[in-house]
Amino acid sequence: DTVAVFTGLALERSPNSIASQVRLSEREEEVMTCFERACVIAQIFLQELEKVNKSQLKGAPLLAFPRIYISLLNLFSIKRKPGNSFNNTHTRSIKGSHISSLDFELPYFLEAALQSAYTATKQLAELLLHSLSEDCYWSPLSDPLPEFMKKEDNAYICTTLRRKLQQHSGDNIYSPHDNVEEALLLLLISESMANQDAVISRAPDQKDDRAISLQSTSAVYDLLSITLGRRGQYVMLSESAHAVSVLRECAKLRPADPTVPLLAAKVCIGPLHWLEEGERFAKMVVGMGEDAGEFLAKGFLALGLTYSLQATDATLKSTQDDLHQRALQNLERAHHLAPEDHQIILYISLQLALIRQICDAIEHLQEALKLCKDDMNSLHLLALLFSSQKHYQHALDVMDVALAEYPDCFHLLFTKIKLELVHKGPEEALVTCRHMLHQWQMLYNVSQQSDSEKANSLTETVPVKKNNNVYLTLPDAHDNDSGSQRASSIAASRLEQAMSEITMQSSASKQGPIQLWTTLEQIWLQAAEVFMEQQHLKEAGFCIQEAASLFPTSHAVLYMRGRLAEMNGSLEEAKQLYDEALTVNPSGVEIMNCLGLVLNKLGRRNLAQKVLQDAVQIQSTSHKAWNSLGEVLHAQGKNEAAVECFLTALDLESSSPIIPFTVIPREL
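Residues numbered from 1 in each chain as written. Predicted model: local features only at pLDDT ≥ 70, side-chain atom pairs only at ≥ 80, totals over all residues. Heavy atoms only, no water.

A few words now on unusual backbone geometry. Not every positive phi belongs to a glycine, and Lys390 is a case in point at roughly 65°. When you line up the elements, Lys390 lands in the loop between α18 (376–388) and α19 (392–405). Unlike most non-glycine residues, Gln535 shows phi in positive territory, near 65°. With respect to the helices and strands, Gln535 occurs in the loop between α23 (514–533) and α24 (537–550). (Helix = DSSP H or I, 4+ residues; strand = E, 2+ residues; numbered from the N terminus.)

On to the environment of Ser549. Residue placement: Ser549 occurs in helix α24. Along the chain, Ser549 and Glu521 lie 28 residues apart, while their C-alpha atoms are 9.0 Å from each other.

Next up on the list: the nonpolar core. Judged by nonpolar contacts, the single largest core of 134 residues is most densely connected at Leu385 and Phe661. The element that contributes the greatest number of residues to this core is α23, accounting for 11 residues. The two domains that each donate at least three residues to this core are domain 2 (238–339) and domain 3 (553–667). Core analysis: the second largest hydrophobic core is formed by 15 residues, Leu128, Ala183, Leu187 and Met193 among them. (Core = buried A, V, L, I, M, F, W, Y, C linked by side-chain atoms within 4.5 Å. Buried < 20%, exposed > 50% of the residue type's maximum accessible area, 1.4 Å probe, protein only. Domains from an automatic or database assignment.)

Another aspect to go through is the UniProt feature "repeat: TPR" (unreviewed entry) in the protein. Listed under "repeat: TPR" (unreviewed entry) in the UniProt record, and renumbered for this structure, are residues 555–588 and 623–656. End C-alpha to end C-alpha, residues 555–588 measures 9 Å, and it is 79% helix and 0% strand. In residues 623–656, the share of helix is 82% and the share of strand is 0%. The end C-alpha atoms are 8 Å apart. (UniProt positions renumbered as here; feature names shortened; annotations may be inferred.)

Turning next to helix α13 (residues 275–287). Taking 1.5 Å as the rise per residue, α13 with 13 residues should run 18 Å; its terminal C-alpha atoms sit 18 Å apart, in good agreement. Buried within α13 are the following residues: Leu275, Glu277, Gly278, Glu279, Phe281, Ala282 and Val285. Looking one or two places after α13, you find Gly289, whose phi comes out positive at around 60°. (Expected span 1.5 Å × (residues − 1).)

On to helix α20 (residues 410–423). Taking 1.5 Å per residue, 14 residues should reach 20 Å; α20 reaches 20 Å between its end C-alpha atoms and fits that length. Taken across its 14 residues, α20 has 11 buried, putting it largely inside the fold. Buried residues of α20: Phe410, Leu412, Leu413, Phe414, Thr415, Lys416, Ile417, Lys418, Leu419, Glu420 and Leu421, and no others. Immediately beyond the C-terminal end of α20, within one or two residues, lies Gly425, with a positive phi of roughly 105°.

Scanning the entire structure with this criterion turns up five aromatic pairs. Measuring from centroid to centroid gives 5.3 Å for Trp440 and Trp517, while their planes differ by 65°, and the two rings are edge-to-face. Taken as a pair, Trp440 in helix α21 (residues 426–458) and Trp517 in helix α23 lie far apart in primary sequence, 77 residues in all. No difference in accessibility class separates Trp440 from Trp517, as the two residues are buried. On the numbers, 5.6 Å between centres and 75° between planes, the contact of Tyr444 with Trp517 is edge-to-face. With Tyr444 in helix α21 and Trp517 in helix α23, the pair connects residues that are 73 residues apart, well separated along the chain. Members of the aromatic cluster, connected to one another through ring pairs, are Trp440, Tyr444 and Trp517. Just above the ring of Tyr307 sits the side chain of Arg326; from NZ or CZ to the centre is 5.4 Å. (Phe/Tyr/Trp six-rings, centres within 6.5 Å; stacked < 30°, edge-to-face > 60°. Lys NZ or Arg CZ within 6 Å of the ring centre and 35° of its normal.)

Listed below in structure tokens is the structure:
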């Protein structure tokens, strides 16, 4: 095969003194035949090498992999870049020889030259997309097309060699059916290699490497966008900020397709929170009118959700009112076009709840529940609406129904704790906290078991058994007035037991998705709040310390540490912690409310007034912030202004849910 490679190179680089066009074509065929034969021989060698390595005892050194075979396998993709000139002979020969190189096992190829493999797969994908017609494609598992088989046996002598190649069989074997599918397969391999070899270090000496890594990865994603766009697979593109720019270009190419701007609006409204961009995409769908067909209702829904989210973010009361009105109008138009869509009715009910039209919201929500009686968000919103009317038992009954359908939903469980804390007392809420820790423990164990099974499926070796369990328990509350040293020591021992494993995990690397660990942080902080209601500050401190061991700089952790310090009488420490929490989350209304009250206690009333005025400007429906502002104004002797604040707080409190209505997700 080495002889075939150098023969092909020599023929290709020999002086061009042949005048006949027919002879030139014959030489090109001869050159490509040499390269093709060399690639097929290299594949046979790789498969034989694989068999020998698999037959060796575990732990024995694998046979060396000659570098020359890397060159054989990616010669075409490296040498023949899309910018170079290609004729039909080149393209057909590349199809006939190099594409078949995907039929062998890749591990040794990748281990020997990862960068060469990355370049080969990416550039071959470029060739498939730009230089190969779908008409001259044949599957790697099938024979060449008839017009190629008519060539002289000498030109296609490697056909016999190719038949010696081992073809793998099984249920999970994938073989592409056209050049686009094969390009997609190559690009997914390239993406995997690019992500594995990505440079993420922020060290100054890694600056050039970071730029190269970003450039190469972006090139792969650009090619993926082109490939998926050819097949209209826009849903697969809608996963990142890069997708928005891609979908914007796709919308230009297919201006009559409403699904493209709808997908873009979904990404903007959801994970990216690019509301102005989402509004533009939604208006593109609405602007199509009847041409959008059944998607016109979704366009109005997207526009209504965009305005609703913008109203939540707005700071001026007039702007909020205007955006809320626009949101409701567009949602009602969506409902008129799709009266049986329960999701649209849900969002109309939510919008009415946000502007505190509670009775109308309940009426619409009952209509949505008739269409889909077990919808989780509808049941959750109904419980919140009941809580805003102070019908806490009805709200708890609804939560029980929702949790019977969705027992593992932590959002529902958090709401249930809030309701129990108000209606049944902290003891009942602590029972639910313990249940949540148990649920989290089960989910964590399942995720660990799933990861272990995946790892076992990728290797034949028996994994080393590690103790990755996380043991979670709440401390037993004790009587603070008794001064029982024994109770304190029990709490301390429980603290050590619960933190032993989890601290080790968090200090190294938390296994599993980040959402799993943020949920655990929220559970600990919720338990701390319940203990604070009981005035069990040691137990609250234990829970906060557990949360801090996971995310020490979380604004929620800093906020709860500030509340604990305030309850312990350390006002300066509390102020400092609230300041740190606001640095992380500048729009945290609850943080601002507590900070304003602490500043008022410290005698800094002007600053307290400023902080609380900012709080009510950010969230004008926060009755706690209005009430705190009234207290500060009263302390300053501004009684008329204080009375106005107290009346506003009282009016808002009469329709305030147990937790804000905005906990219901607004997404397409």
